[in-house]
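Spelled out from the first residue to the last, the chains are:
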Amino acid sequence: MTLTDIGAAQVMQAVEEFDRLGRRAFLERYGFGPSRTYRLVVDGRSYDSKAIVGAAHGHLPGQRPLKPSEFSGGLDHAVRLLTDLGFRVERSSAVEADADRLVERIAKLRVASTVGGPRLYQPITLLWAVGRALRSEPRMLSWEETATALRGLLGRHGLRGERPRPDYPVLALHRAGLWSLEGHTGEVPSAHGDAALHQWFSEQRPEGGLAAPVHALVAGSGQARVAVVGAIVERFFDGLDEVPLLEEVGLYEDSVADDPVHDGDAGPVDPVAAAAQYEKWCALVDRREARDGVRYRERTVRDPLRSGPARRAVLIRCGDRCENPECPGQPDDRTDRGLPLLEVDHVVELAAGGRDHPSQMVALCPNCHAVKTRGRSRDRLREILLEVALERHRRGPLPS
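Residues numbered from 1 in each chain as written. Predicted model: local features only at pLDDT ≥ 70, side-chain atom pairs only at ≥ 80, totals over all residues. Heavy atoms only, no water.

**Topic: the packing of aromatic side chains**
Evaluation of the coordinates by the stated rule reveals eight aromatic pairs. Relative to Tyr-168, the ring of Tyr-121 has its centre 5.2 Å away and its plane inclined at 65°; by these criteria the two rings are edge-to-face. Here Tyr-168 lies in helix H8 (residues 167-175) and Tyr-121 lies in helix H6 (residues 121-134), a separation of 47 residues in the sequence. Using a relative accessible area of 15% as the deciding quantity, one classes Tyr-168 as buried. Between Trp-143 and Phe-201, the aromatic rings sit 4.0 Å apart at their centres with planes inclined by 25°, giving stacked as the arrangement. With a gap of 58 residues between them, Trp-143 in helix H7 (residues 143-157) and Phe-201 in helix H9 (residues 195-204) connect regions that are remote in the sequence. Since its relative accessible area comes to 2%, Phe-201 is described here as buried. Through pairs of rings, three or more aromatic residues link up here, namely Phe-18, Phe-26, Tyr-30 and Tyr-47. (Phe/Tyr/Trp six-rings, centres within 6.5 Å; stacked < 30°, edge-to-face > 60°. Helix = DSSP H or I, 4+ residues; strand = E, 2+ residues; numbered from the N terminus. Buried < 20%, exposed > 50% of the residue type's maximum accessible area, 1.4 Å probe, protein only.)

If you want it as structure tokens, here you go:
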């Protein structure tokens, strides 16, 4: 087996298969995970570079696809092959790389187990702090404020039999490098014991909050925030209903996926960057949808961990224009942020069996949204929009 046997023709066959199947099905077929560091870019669309190379090997005469363990996706292997063949390969953004590393750290958190599952001290504390970051609240709080807030949350949402001990999760997260404690003297104790910990916090009264790099990441990137919240929910709340907790800490709204507003945010977006963003948002939607397919809850028709990323993906895809092909002309006016007047809508309502997925959602100007919702021609328009949503999902973002 050698990668050098692969040519541009085999790479393009793999790319065409990727487009035909969609990212999730393609990765599942060949047993690859998403590319975390490098992406192949073809005609403005982004592809998982290592998976493409592995699949391309299977298009050689008499050869089979390569497994992930059989070669490296790094600079000296898959990336070098693609660049030597004249293809464009880009490194993932620093934000995405940092988010991936943070998700890995969450997956490795050491937590005690009970008959009801892993203890929820640390995940509840993390979600509370992420919600504060989303609302641009101060990173650091006095110990009195932290303890008061966490005692209530732990008491309401912890497992049965868990005592609401805010000192334990704060110290555990500090040892994991996810929490900062300032204003104390001497070493921070380990998260063991009871009376000694209570005494240390009573005497030292430290200020605390998410570690500065973690806070900056979840405060400034909707993509990172959704990935982190999803990772916490998937690991710690399997078989549990996390919705009441997410609602209380402010993470059960579509805004969980939003980036903060800054002057000058609006403007042309690089098409390659837009394609990469679109793929990333869709991957988050697909992952959440797959999880909910296994564990369906009657009360949860709409899930912001799907709908928020799906809405962001559609707004990237539409290129600032109404996606109704019969639109008579959307308003030229813009929002205070300088964004187009567009509303993301489900073509098929969730209550009627629709999905929180970009393939069934469209961006519409206010006029077309009104027609789709209550116009006489709404049934015909919905049929058109359903085809448009699917076709544009397959094609990817338009230039803005």
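**Points about unusual backbone geometry**
A positive phi angle is found at Ser-136, which is not glycine, with a value near 60°. On the basis of relative accessibility, which here comes to 66%, the residue Ser-136 falls in the exposed class. Phi is positive for Asp-320, close to 70°, though the residue is something other than glycine. With respect to the helices, strands and loops of the structure, Asp-320 is situated in the loop between helix H14 (304-317) and strand E8 (343-346).

**Regarding the pairing of strand E1 (residues 38-42)**
Counting buried residues along E1, five of its five residues qualify, which places the element largely inside the surrounding structure. By the bridge criterion, four bridges tie E1 to strand E3 (residues 88-91) in an arrangement that is antiparallel. Along E3, the bridge assignment pairs Val-41 with Arg-88. Bridge count for E1 against strand E2 (residues 45-48) is four bridges, and the pairing is antiparallel. Note on E2: the bridge partner recorded for Val-42 is Arg-45. (Pairing = 2+ DSSP bridges.)

**Considering the sheet that holds E3**
Within the open sheet, the three strands sit side by side as E2-E1-E3. Their pairing is antiparallel. Bordering the open sheet on either side are E2 and E3, each of which pairs with just one other strand. Strand after strand, the sheet turns through a mean of 40° between neighbouring axes, direction not considered. (Axes fitted to C-alpha atoms, helices over the stretch in contact; angles between N-to-C directions.)

**Section: the packing of helix H10 (residues 212-220) against helix H11 (residues 222-236)**
The relative placement of two packed helices comes down to the angle between their axes together with the axis-to-axis distance. In contact at an axis separation of 5 Å, H10 and H11 are set at 110° when each is read in the N-to-C sense. The orientation of H10 with respect to H11, classified from their angle, is roughly perpendicular. From H10, Leu-217, Val-218, Ala-219 and Gly-220 reach across to H11, where they touch Gly-222, Ala-224, Arg-225 and Val-228. Broken down by class, the residue content of the contact of H10 with H11 amounts to five nonpolar, two polar and one charged. (Parallel < 35°, antiparallel > 145°, perpendicular 65-115°, else oblique. Contact = heavy atoms within 4.5 Å. Nonpolar A, V, L, I, M, F, W, Y, C, P; charged D, E, K, R; others polar.)

**Some words on the side chain of Gln-122**
Residue placement: Gln-122 occurs in helix H6. A polar side-chain atom of Gln-122 sits 3.0 Å from the main-chain carbonyl oxygen of Arg-110. Ignoring sequence-local partners within four residues, the contact set of Gln-122 consists of Leu-109, Arg-110, Val-111, Tyr-168, Pro-169, Ala-172 and Leu-173. (Polar contact = N/O pair within 3.5 Å; in protein donor to acceptor, adjacent residues only side chain to side chain.)

**Overview of the nonpolar core**
Nonpolar side chains in soluble globular proteins tend to be buried together. Membership of the largest hydrophobic core comes to 67 residues, with the highest contact counts inside it found for Leu-127 and Leu-251. Residues Phe-26, Ile-52, Val-53 and Leu-82 belong to the second largest nonpolar core, which totals 25 residues. (Core = buried A, V, L, I, M, F, W, Y, C linked by side-chain atoms within 4.5 Å.)

**With respect to the pattern of salt bridges**
Counted under the stated rule, the structure contains 24 salt bridges. Notably, a salt bridge pairs Asp-167 with Arg-165, separated by 3.5 Å at the nearest N-O pair. Assessed through its relative accessible area of 16%, Arg-165 is described here as buried. One salt bridge in this structure joins Asp-259 and Arg-312, with 3.3 Å as the shortest N-O distance. One end of the pair, Asp-259, is in the loop between helix H12 (243-248) and helix H13 (271-294); the other, Arg-312, is in helix H14, with 53 residues separating them in the sequence. Relative accessible area serves as the criterion here: at 17%, Arg-312 is assigned to the buried category. In this structure, a network of salt bridges that share partners links the residues Glu-242, Arg-288, Asp-303, Arg-306 and Asp-356. (Salt bridge = Lys/Arg side-chain N within 4 Å of Asp/Glu carboxyl O.)

**Description of the confidence of the model for the chain**
When the pLDDT values of the chain are averaged, the result is 86; 92% of them are 70 or greater. Confidence over residues 294-300 falls short of pLDDT 50; this stretch has 17 contacts with residues more than four positions distant or in other chains. (pLDDT = per-residue confidence, 0-100.)

**Some details on the environment of Glu-343**
Tracing the backbone through its elements, the reader meets Glu-343 in strand E8. Residue Glu-343 is classed as partly exposed on the basis of its relative accessible area of 31%. The sequence separation of Glu-343 and Cys-368 amounts to 25 residues, and the corresponding C-alpha distance is 9.5 Å. Among residues more than four places away in sequence, those in contact with Glu-343 are Val-362, Ala-363, Leu-364, Pro-366 and His-369.

**Here's the deal with the packing of helix H1 (residues 8-21) against helix H2 (residues 23-30)**
Between H1 and H2, the least distance of the axes is 6 Å, while the angle of their chain directions is 120°. Between H1 and H2, the interaxial angle falls into the category oblique. In this structure, H1 meets H2 at a crossing whose hand is right-handed. Seen from H1, the contacting residues are Ala-14, Glu-17, Phe-18 and Leu-21; seen from H2, they are Arg-23, Ala-25, Phe-26, Arg-29 and Tyr-30. (Left-handed = near helix turned anticlockwise from the far one by under 90°.)

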